[in-house]
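If you want the building blocks of each chain, they are given just below.
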Amino acid sequence: ELKEEFTRVLTANNPHAPQNIVRYSFKERAYKPIGYVDQTAIHFSLNGNLILKDSDEGRRQSVKSAVSEKPSLASSAVISEETEIKDEEGTEDTQAEGEEEAEEAGTAEEAEAEEAEEPPPPKVKEQKLANQFNFIERASKTLNNPLRERACQSEPTPCKNFSATANQWEIYDAYMEELQKMEKSKEKEKPKAQIAKKEEKKKGRKLTSLESQSDDITKISKAAKIMERMVNQNIFDDIAQDFKYFEDASDEYRNQKGTLLPLWKFQYDKTKRLAVTAISWNPKYKDLFAVGYGSYDFMKQSHGMLLLYTMKNPSFPEYVFSSESGIMCLDIHNDHPYLVAVGFYDGNVAIYNLKKATSQPSYKSSAKSGKHTDPVWQVKWQKDDMDNNLNFFSVSSDGRIVSWTLVKNELVHTDVIKLSAEGTTMQGPEGLQLQTLGCGTSFDFHKKIDYLFLVGTEEGKIYKCSKCYSSQFLDVFEAHHMAVDSVSWNPYHLKVFISCSSDWTVKIWDHTIKTPMFIYDLHSAVGDVAWSPYSSTVFAAVTTDGKAHVFDLSINKYEALCTQIVVAKKKNKITHIQFNPVYPVVIIGDERGHITCLKLSPNLRKMPK
């Protein structure tokens, strides 16, 4: 029994403290239980009797002790001192008595001194400790302020009855007034935009919803936008929860393979007949992305559209711009995220400014200013030039790579390189040598070496070029048997780039070696390929049979970790894919004008060691 151990847990709570104290609350005029219980138990407390020298009481005492130090009987001095210290609130009567005693003692001592021949040795004053247990109790009561109520009454707003009949001409006058208001507000905008609008009116095109909105709606537009987002996030709450928190637990049993979880689907009524031709994430607002709409079918060219969606509102685009020609490519500026460069099917390029509430581009090329003669397949913003002018590059099937600079509100072009297809000089009439141009379809600029860039062509070659040499290439790669749809440098590994083509293959290259390092056959034409922003070994490709493929070379060099059908319809094809720079999602565009957002499962986004 002695060996048995009894564990006892000590807590800071006082077992004797009452748990249910009820006190009267004057504010609410009722008894209320007190929630907080004081758990402290006091074992010993002692009130001191020290007084600060500088306080009034301390000064009084020091004055009294100075008075009593005059030669006097030790006993009487001690008595008077004790009386002083004891009655801290000493009355005037006791003070007077003490002083009288001191005087009497003084006279007696003087008489003794006269009798004695030698003065006695000075007596050491005996210090007596004050009584420790002498204390005074005080209490005071504060007033409880009575409760007061204050109320005020406002004057009722005056009401008036109004009645009128609306005639045809009154309605007409009201419409005319509204039109004049709109015209005045338009006059304030830049003359350029005004000219463009006048041309539009002549053509009889309808004004887009952005322009035709009246002043009344714009006043509450911000509040309405926030409301719309809230409603949408309530409707798509399960998707938002999946986006933020869902991690596919079954990845552990898949042997390194992964999956794509479909999230939102973005679609807009006016883009149903158009294909997604370009996608780009905004570099500043990570939930915002731009989508270009046009058509890859030579026979079915119609208008184009530029939409900007946010993941916070999947039901309707944030910005809508329409164009006469199909948009084939776009790029958002890194430092000015409101500027979007766009290339059109008719060979023009333009810059849209999201800050301006017009449906027209702020700057656009024309036949005079050296537009391309074939569709523009890719545009890329560059760093500002020496004079701090904005500039971007474009590549087109006409074989020209053009640098566009924004000088004094105009786009000025300079041809950087003309692609020539080697060994294709044709024998023309009367022995003329005709040089045929190579058709550029895609390009990408090196992330670190500013002047270095790659150009993919329709013949399947990839040219390594420099901004400094316009006449010759640094290198030529015999890359594919059909058009190079996309070429892209690796964001981490400075020598490596990837290319994809309609010949069903994706190839990974080192730009110092002529042959590819990896070749992947995906059994269908590859529309687009993209490196991931989080790992140097992860990339994704999309094929025209509606599948998305995600590879991670650090896990499997031979086949995809995930091959998944994203669009089910037989006539539909996937055209583009982009990784979000921050969140673990990709967006995929197809030929029906839909954008699908998918979340990568944990196996597909393993960070490198």
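The chain goes by Dynein axonemal intermediate chain 1 in an unreviewed UniProt entry, where it is assigned to Asarcornis scutulata. Recorded in UniProt for the chain, the comment headed Sequence similarities (unreviewed entry) runs: "Belongs to the dynein intermediate chain family." Quoted verbatim from the Subcellular location (unreviewed entry) field of the UniProt record, the comment on the chain reads "Cytoplasm, Cytoskeleton, Cilium axoneme".

So, the pattern of salt bridges
Considering all chains together, one arrives at 10 salt bridges under this definition. When the shortest N-O distance is used, the salt bridge between Lys-225 and Glu-318 registers 3.5 Å. Here Glu-318 lies in the loop between strand S6 (304-310) and strand S7 (319-323) and Lys-225 lies in helix H8 (residues 221-235), a separation of 93 residues in the sequence. Take Glu-318: its relative accessible area is 15%, and that puts it in the buried class. The residue Asp-398 makes a salt bridge to Arg-400 at a minimum N-O spacing of 3.4 Å. Counted as one network, the salt bridges with shared partners bring together Lys-225, Arg-229 and Glu-318.

Points about the pairing of strand S29 (residues 562-565)
In the case of a regular strand, side chains alternate between the two sheet surfaces. Residue alternation in S29 divides its side chains into a buried set, Cys-562 and Gln-564, and an unburied set, Thr-563 and Ile-565. Two strands pair when backbone bridges link them, and strand S28 (residues 547-552) and S29 are joined in this way by four bridges, in the antiparallel orientation. Directly across from Val-550, in S29, lies its bridge partner Cys-562.

With respect to the sheet that holds strand S26 (residues 526-531)
Taking strand neighbours across the sheet as the criterion, the four strands line up as S26-S27-S28-S29 in an open arrangement whose pairing is antiparallel. Of all strands in the sheet, those with a lone pairing partner are S26 and S29, marking the two edges. Put simply, the sheet's adjacent strands are angled 15° from each other on average, direction ignored.

Points about the sheet that holds strand S12 (residues 376-381)
Sheet architecture is open: four strands sit in the order S12-S13-S14-S15, paired in antiparallel fashion. Lying at the two open borders of the sheet, with one neighbouring strand each, are S12 and strand S15 (410-418). The average undirected angle you get between the axes of adjacent strands in this sheet is 25°. The pairing of S12 with strand S13 (residues 391-396) spans five bridges and is classified as antiparallel. By the bridge assignment, Val-376 is partnered in S13 with Ser-396.

Reading the values: the criteria
- Residues numbered from 1 in each chain as written.
- Predicted model: local features only at pLDDT ≥ 70, side-chain atom pairs only at ≥ 80, totals over all residues.
- Heavy atoms only, no water.
- UniProt positions renumbered as here; feature names shortened; annotations may be inferred.
- Salt bridge = Lys/Arg side-chain N within 4 Å of Asp/Glu carboxyl O.
- Helix = DSSP H or I, 4+ residues; strand = E, 2+ residues; numbered from the N terminus.
- Buried < 20%, exposed > 50% of the residue type's maximum accessible area, 1.4 Å probe, protein only.
- Pairing = 2+ DSSP bridges.
- Axes fitted to C-alpha atoms, helices over the stretch in contact; angles between N-to-C directions.

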